[in-house]
Amino acid sequence: MRVILLGPPGSGKGTQGGMIEKEYGFPRISTGDLLRNAVKKQTPLGKKVEGVMNKGELVSDEIVVEIVRERIDEPDCGNGYVLDGFPRNTGQASALKKMDPGRTETVLDIHLDDEIVIERLSARRVCLGCGKPYNLLLGDSKEMDRCKKCGGKLVGREDDRPDVIRERLKVYHQESEPLVNFYRKKGVYHEVEGDRPILTVFENIQVILNKKLENVSGRAEA
Ligand code: AP5
């Protein structure tokens, strides 16, 4: 099974993707994390994409498609995987279909209004050491400036500045929203309300995934 997480910046794709990985054992593949790691290490790829990411624009299809192709070829993806942040446009969606055809697909589109996105992302903090995310709106204190897990410094993400968040939202509406129709037509699309407590969002996702997995195993037994 391939789970695809769609939704605007800050809708909870990373959070829910991590929970799906833990519960179902499908590795989470976040193109954003893979690219940010390359930037952090200042690899040739990282140097190439840093400016684009900091402006809130999309990295070229050529680059992200190759990153995903390499990652899903790894043995841990044999039974399935969760894609967080990919595909981002219909070109990437078509490339995905070609690179791993015939796999059962479930698309979860986490809905969140733009105003809430801006509020949430302005309150996000990330550990510079281990990457653990925090959010001031979720009770993580404003005074806290060190990670509870590794003691690393907590900072705002470079692309979580209000002007960049607005650009990311614009790009999302223009480039990624057409994926709704793309996947609706294939009958694999499900919308999930993202403006709920994290556990409630996950429970709603579980209902969809459990049903899908039952259907898949039912078909395999028949
Ligand atoms: P990426 O890292 O994918 O960023 P994004 O899609 O903008 O998503 P975010 O990571 O900001 O949010 P999220 O939806 O994962 O929410 P999260 O769970 O973190 O991409 C970054 C950049 O990389 C792009 O702009 C682009 O440049 C490039 N890129 C990546 N993929 C690409 C591609 N395929 N093609 C081209 N370029 C690509 O949660 C956000 C915050 O909210 C956290 O603080 C969290 O604690 C909190 N939160 C989560 N759920 C809830 C909830 N239910 N209630 C309250 N708070 C919540």
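For the structure itself, consult the block above.
Residues numbered from 1 in each chain as written. Predicted model: local features only at pLDDT ≥ 70, side-chain atom pairs only at ≥ 80, totals over all residues. Heavy atoms only, no water.

### Structural notes on the nonpolar core
Piece 1. By size, the foremost hydrophobic cluster in this structure holds 27 residues, and its most contacted members are Leu-35, Leu-83, Phe-86, Leu-96 and Tyr-183.
Piece 2. For this core, the secondary-structure elements that each account for two or more residues are strand S1 (2-6), helix H2 (31-41), helix H3 (44-55), helix H4 (61-72), strand S3 (81-84), helix H5 (90-99) and helix H8 (178-185).
Piece 3. With six residues, H4 is the largest single contributor of residues to this core.
Piece 4. If we ignore the near neighbours within four places in the chain, the residues touching Tyr-183 are Ile-4, Leu-6, Pro-87, Ala-93, Leu-96, Glu-105, Val-107, Val-188 and Tyr-189.
Piece 5. Of all hydrophobic cores here, the second largest spans 14 residues; its members include Leu-5, Ile-20, Phe-202 and Ile-205. (Core = buried A, V, L, I, M, F, W, Y, C linked by side-chain atoms within 4.5 Å. Buried < 20%, exposed > 50% of the residue type's maximum accessible area, 1.4 Å probe, protein only. Helix = DSSP H or I, 4+ residues; strand = E, 2+ residues; numbered from the N terminus. Contact = heavy atoms within 4.5 Å.)

### Digging into the site of the ligand
Piece 1. Looking at the ligand, there are 34 residues lining it, with Thr-15, Glu-57, Arg-124, Asn-135 and Arg-168 nearest.
Piece 2. Between the ligand and Val-59 there is a distance of 3.0 Å, counted from a nitrogen atom to a backbone nitrogen or oxygen.
Piece 3. Interatomic distance of 2.8 Å between a backbone N/O atom of Arg-196 and a nitrogen atom of the ligand.
Piece 4. Taken by itself the ligand offers 1000 Å² of open surface, and the protein chains cover 94% of this.
Piece 5. Of all the elements in the fold, those that place two or more residues in the shell around the ligand are helix H1 (13-24), H2, helix H6 (114-122) and strand S6 (133-135). (Near = heavy atom within 4 Å. Polar contact = N/O pair within 3.5 Å; in protein donor to acceptor, adjacent residues only side chain to side chain. Areas by Shrake-Rupley, 256 points an atom, 1.4 Å probe, with all protein chains shown as cover.)

### A closer look at the side chain of Asn-89
Piece 1. Summarising the element assignment, Asn-89 is placed in the loop between S3 and H5.
Piece 2. Given the relative accessible area of 9%, Asn-89 is considered buried.
Piece 3. Here Gly-91 takes part through its backbone nitrogen, which lies 3.2 Å from a polar atom of the side chain of Asn-89.
Piece 4. Those residues in contact with Asn-89, other than ones at most four positions away along the chain, are Leu-58, Asp-61, Glu-175 and Leu-179.

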